[in-house]
Amino acid sequence: MKKDIENKKDIEKLVNGFYEKVKQDALIGFIFTDVVKVHWEKHLPVMYDFWENSLFYTGNYVGNPMQIHQHLHRLVPLTAEYFARWTYLFTSTVDELFVGEKAALAKQRAMSIAAVMQFKIIPSPSLTVN
Ligand code: HEM
């Protein structure tokens, strides 16, 4: 029986499961393995803190994801398709492992941050104010 995301152990399980999928993904995996060559032993604990803060308001994540992805966008243009895949992988990992209020919140947070990030990063000509 699936349960809700309740503690740090659950967050670790979610984040580890998500990045296992990401690394193997045919569309976005290369960004993590080839473009950035992520140091997982550093990145994973940052992501545990990020998600723990997002779901349990622990205040233990300090960082600027928007700026980091703006920079990443200069190394590899981040497309709407990439964001859609990232979001799909994240929400499907949540659904495979957990069910409940925090699980729903995690998916909602991921989707809204992805939308804001995409909006800030990808120029949308129809919305550009001259
Ligand atoms: C196309 C979609 C995305 C791609 C390709 C992507 C890729 C990456 C990469 C390569 C890093 C750097 C890892 C490192 O330097 O060790 C990173 C960091 C991070 N990403 Fe993403 N990301 C995406 C979307 C998102 C979204 C939607 C969120 C939020 C829900 C997010 C949250 C973060 C956070 C919190 C960090 C760590 C920032 C820090 O070091 O403080 N990412 N991402």
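Below, the structure is looked at part by part.

**Description of the overall build of the chain**
The helix and strand tally for the chain stands at 6 helices and 0 strands. Counting from the amino terminus, helix and strand elements in the chain follow one another as α-α-α-α-α-α. The globule rule puts the C-alpha radius of gyration for 130 residues at 14 Å, and the 15 Å found for the chain is close to it. Across its three principal axes, the chain shows a C-alpha extent of roughly 50 × 30 × 25 Å. For the chain, with 130 residues in total, the buried portion stands at 35%. Here the chain has roughly 7900 Å² of accessible surface; of this, 59% comes from carbon and sulfur atoms. In the chain, 15 side chains carry a positive charge and 14 a negative one; their mean positions are 3 Å apart.

**Section: the layout of surface pockets**
The computed volume of the largest pocket comes to approximately 810 Å³. Tyr19, Phe32, His43, Ile68 and His69 are the residues nearest the centre of the largest pocket, which is lined by 28 residues in total. Those elements giving two or more residues to the lining of the largest pocket turn out to be helix H2 (29-35), helix H3 (40-56), helix H4 (65-75), helix H5 (80-97) and helix H6 (101-121). Within the lining of the largest pocket, the residues separate by chemical class into 22 nonpolar, 4 polar and 2 charged.

**Comments concerning the site of the ligand**
Surveying the vicinity of the ligand reveals 21 residues, the closest of which are Phe32, Tyr61, Ile68, His69 and Trp86. One of the side-chain nitrogen or oxygen atoms of histidine 69 is found 2.9 Å away from a nitrogen atom of the ligand. If you map the ligand onto the pockets, it falls in the largest pocket. Top element by residues in the shell around the ligand is H3. It accounts for 5 residues. Class assignment for the residues of the shell around the ligand results in 19 nonpolar, 2 polar and no charged.

**With respect to the packing of aromatic side chains**
Under the definition given, this model contains 11 aromatic pairs. The rings of Phe18, Tyr19, Phe32, Trp40, Phe50, Trp51, Tyr61, Trp86 and Phe90 are connected pair by pair, giving a single aromatic cluster. The positively charged end of lysine 23 is found above the aromatic ring belonging to tryptophan 40, 4.9 Å away from the centroid.

**Remarks on the pattern of salt bridges**
Considering all chains together, one arrives at 9 salt bridges under this definition. Two residues, glutamate 20 and lysine 23, come together in a salt bridge whose shortest N-O distance is 3.3 Å. Separated by 3 residues within a single helix, glutamate 20 and lysine 23 lie in helix H1 (residues 8-24), roughly one turn from each other. By relative accessible area, which is 32% here, lysine 23 ends up partly exposed. One connected set of salt bridges, linked through shared partners, spans Lys3, Glu6 and Asp10.

**Structural notes on a nonpolar patch on the surface**
There is a patch of nonpolar side chains on the surface, built from Phe30, Val35, Val36 and Leu75 and spanning about 300 Å² of accessible area. Relative to the helices and strands, leucine 75 resides in helix H4.

**Structural notes on the environment of valine 116**
Here valine 116 lies in helix H6. Of the residues examined, valine 116 reaches a relative accessible area of 39% and is grouped as partly exposed. Remark: the alpha-carbon pair of valine 116 and histidine 43, spanning 73 residues in sequence, is separated by 22 Å.

Thresholds, definitions, all that
Residues numbered from 1 in each chain as written. Predicted model: local features only at pLDDT ≥ 70, side-chain atom pairs only at ≥ 80, totals over all residues. Heavy atoms only, no water. Helix = DSSP H or I, 4+ residues; strand = E, 2+ residues; numbered from the N terminus. Rg over C-alpha atoms; globule rule 2.2 N^0.38 Å. Buried < 20%, exposed > 50% of the residue type's maximum accessible area, 1.4 Å probe, protein only. Areas by Shrake-Rupley, 256 points an atom, 1.4 Å probe, with all protein chains shown as cover. Lys, Arg positive; Asp, Glu negative; His and termini not counted. Charge placed at Lys NZ, Arg CZ, Asp CG, Glu CD. 1 Å grid on protein atoms, 1.4 Å probe; cavity = no way out; pocket = protein on both sides within 12 Å on 5 of 7 lines; lining within 4 Å. Points joined across faces, edges and corners; volume = space filled by probe spheres on them. Nonpolar A, V, L, I, M, F, W, Y, C, P; charged D, E, K, R; others polar. Near = heavy atom within 4 Å. Polar contact = N/O pair within 3.5 Å; in protein donor to acceptor, adjacent residues only side chain to side chain. Sits in = over half its atoms within 2 Å of the grid points. Phe/Tyr/Trp six-rings, centres within 6.5 Å; stacked < 30°, edge-to-face > 60°. Lys NZ or Arg CZ within 6 Å of the ring centre and 35° of its normal. Salt bridge = Lys/Arg side-chain N within 4 Å of Asp/Glu carboxyl O. Patch = residues over 30% accessible without salt bridge, like charges linked within 9 Å, V, L, I, M, F, W, Y side chains within 5 Å.

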